Amino acid sequence: MVDASSRGKMDQMLDDIYNVIPLFHRTFLRPDDLSHNPMGSDFKVMGILRKHGPLPMSRIGFWLGISKPNMTAIINKLITDGRVERREDPKDRRIVEVALTPEGKKYIEECWKEGRDTVRAKLSTLSD
């Protein structure tokens, strides 16, 4: 059982995290500083696929809190852009997975590098 003091500290930590993440993105990863929008749903989908590999659309939607109709629209846009593709699950033909295309992999890696370089450059101006 968690005591009141620990619960209060945990609540404060979570409040701090929720406050810092948007500040971090606004300060270090502003879309106007980058060639992509790191907070866009399409970029988030590609980030999940980059990390986990091919996944069913329902799992991606669950992790991002996006409804199936909205996921379909996002995936269709990414397919049109040539960044993802639908394919059958090799273990179960009834399941359709979404996977990055070679072009999508190249794009997401370039975006990650650009994001890292941007944050590194902005942090380099800070003193020790």
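Note: the structure precedes this text.
Summary of the structure given here. Computed from a prediction, not measured in an experiment: that's the story for all the values here. Residue indices follow the written sequence of each chain, beginning from 1 at its first position. Local features in a predicted model are, by the rule used here, given only for residues with pLDDT of at least 70; side-chain atom pairs are given and counted only at 80 or more, and totals for whole chains, interfaces and linings are based on all residues. Think of the side-chain values as coming from all heavy atoms in the structure, minus any hydrogens and water.

### Examining the packing of helix H2 (residues 41-52) against helix H4 (residues 68-80)
Here comes step 1: Every angle, taken between N-to-C directions, lies between 0 and 180 degrees, and every axis is a line fitted to C-alpha atoms, over only the stretch in contact when it is a helix. Only DSSP runs of H or I reaching four residues or more are called helices, and only runs of E reaching two or more are called strands; each is numbered from the N terminus. Close contact between H2 and H4 brings their axes to 10 Å; oriented N to C, the two are set at 80°. Here H2 lies roughly perpendicular to H4, going by the angle between them. Facing H2, whose interface residues are Ser41, Asp42, Val45 and Met46, H4 presents Met71, Ile74, Ile75, Lys77 and Leu78.
Here comes step 2: Gly falls in the polar group here, along with every residue not listed as nonpolar (Ala, Val, Leu, Ile, Met, Phe, Trp, Tyr, Cys, Pro) or charged (Asp, Glu, Lys, Arg). Among the residues forming the contact of H2 with H4, the class breakdown is six nonpolar, one polar and two charged. Should an angle fall under 35 degrees it is taken as roughly parallel, and over 145 as roughly antiparallel, whereas 65 to 115 is taken as roughly perpendicular and any remaining angle as oblique. Whether two residues touch is decided by their heavy atoms; if any such pair falls within 4.5 Å, the residues are in contact.

### Re the environment of isoleucine 108
Here comes step 1: Considering the arrangement of structural elements, one finds isoleucine 108 in helix H5 (residues 102-123).
Here comes step 2: Looking at isoleucine 108, the relative accessible area reads 0%, which means it is buried.
Here comes step 3: Setting aside anything within four residues of it in sequence, one finds isoleucine 108 in contact with Phe43, Met46, Gly47, Arg50 and Leu100. Only protein chains enter the accessibility calculation, which uses a 1.4 Å probe. A residue is then buried if its area is under 20% of the maximum for its type, exposed if over 50%, and partly exposed in between.

### Re a nonpolar patch on the surface
Here comes step 1: What makes a patch is a set of residues exposed beyond 30% relative accessible area and free of salt bridges, joined within 9 Å when like-charged and within 5 Å when nonpolar (Val, Leu, Ile, Met, Phe, Trp, Tyr). Each accessible area value is a Shrake-Rupley result obtained with a 1.4 Å probe; residue values ignore everything except the protein chains displayed when judging cover. When a carboxyl oxygen of Asp or Glu is within 4 Å of a side-chain nitrogen of Lys or Arg, the pair counts as a salt bridge. Together, Met10, Met13, Leu14 and Ile17 line one region of the surface with nonpolar side chains, adding up to about 350 Å² of accessible area.
Here comes step 2: By relative accessible area, which is 45% here, methionine 13 ends up partly exposed.

### Brief notes about H2
Here comes step 1: A helix's residues, less one, multiplied by 1.5 Å, set its expected span. Under the 1.5 Å per step criterion, the end-to-end length of H2 is 16 Å for twelve residues, consistent within 8% with the ideal 16 Å.
Here comes step 2: Turning to H2, its buried residues are Phe43, Val45, Met46, Gly47, Ile48 and Leu49.
Here comes step 3: On its buried side, H2 packs onto strand S1 (55-56), helix H3 (57-64), H4, strand S2 (84-88), strand S3 (96-100) and H5.
Here comes step 4: Two residues or fewer after H2 comes glycine 53, characterised by a positive phi angle close to 80°.

### A few points about the packing of aromatic side chains
Here comes step 1: For this analysis, a ring pair means two rings from Phe, Tyr or Trp (six-membered ring only for Trp) whose centres lie within 6.5 Å, classed as stacked if their planes differ by under 30 degrees, edge-to-face if by over 60, and tilted for the remaining angles. Using the criterion set out here, one finds one aromatic pair in the structure.
Here comes step 2: The positively charged end of arginine 83 is found above the aromatic ring belonging to tyrosine 107, 3.6 Å away from the centroid. In our convention, an over-ring charge means Lys NZ or Arg CZ found within 6 Å of a ring centre and within 35 degrees of that ring's normal.

### Examining H5
Here comes step 1: Taking 1.5 Å per residue as the helical rise, H5 with its 22 residues ought to reach 32 Å, and the 32 Å between its terminal C-alpha atoms agrees with that figure.
Here comes step 2: Along H5, the positions that sit buried rather than exposed are Gly104, Ile108, Cys111, Gly115, Thr118 and Val119. What you see down the axis of H5 is that its buried residues fit within an arc of 95°, all on one side. Residues Pro102, Lys106 and Arg120 are exposed on H5 and point more than 90 degrees away from its buried face. Directions pointing from the helix axis toward each C-beta atom define the arc.

### Focus on the side chain of glutamate 97
Here comes step 1: Relative to the elements of secondary structure, glutamate 97 occurs in strand S3.
Here comes step 2: Residues scored as positive are Lys and Arg, those scored as negative are Asp and Glu, and His as well as the terminal groups of each chain are ignored. For the buried glutamate 97, no salt bridge exists, and the shortest N-O distance to an oppositely charged side chain is 5.4 Å, to arginine 87.
Here comes step 3: Each residue touching glutamate 97, except ones within four places of it in the same chain, is listed here: Pro54, Leu55, Pro56, Glu85, Arg86, Arg87, Glu88, Asp89 and Pro90.

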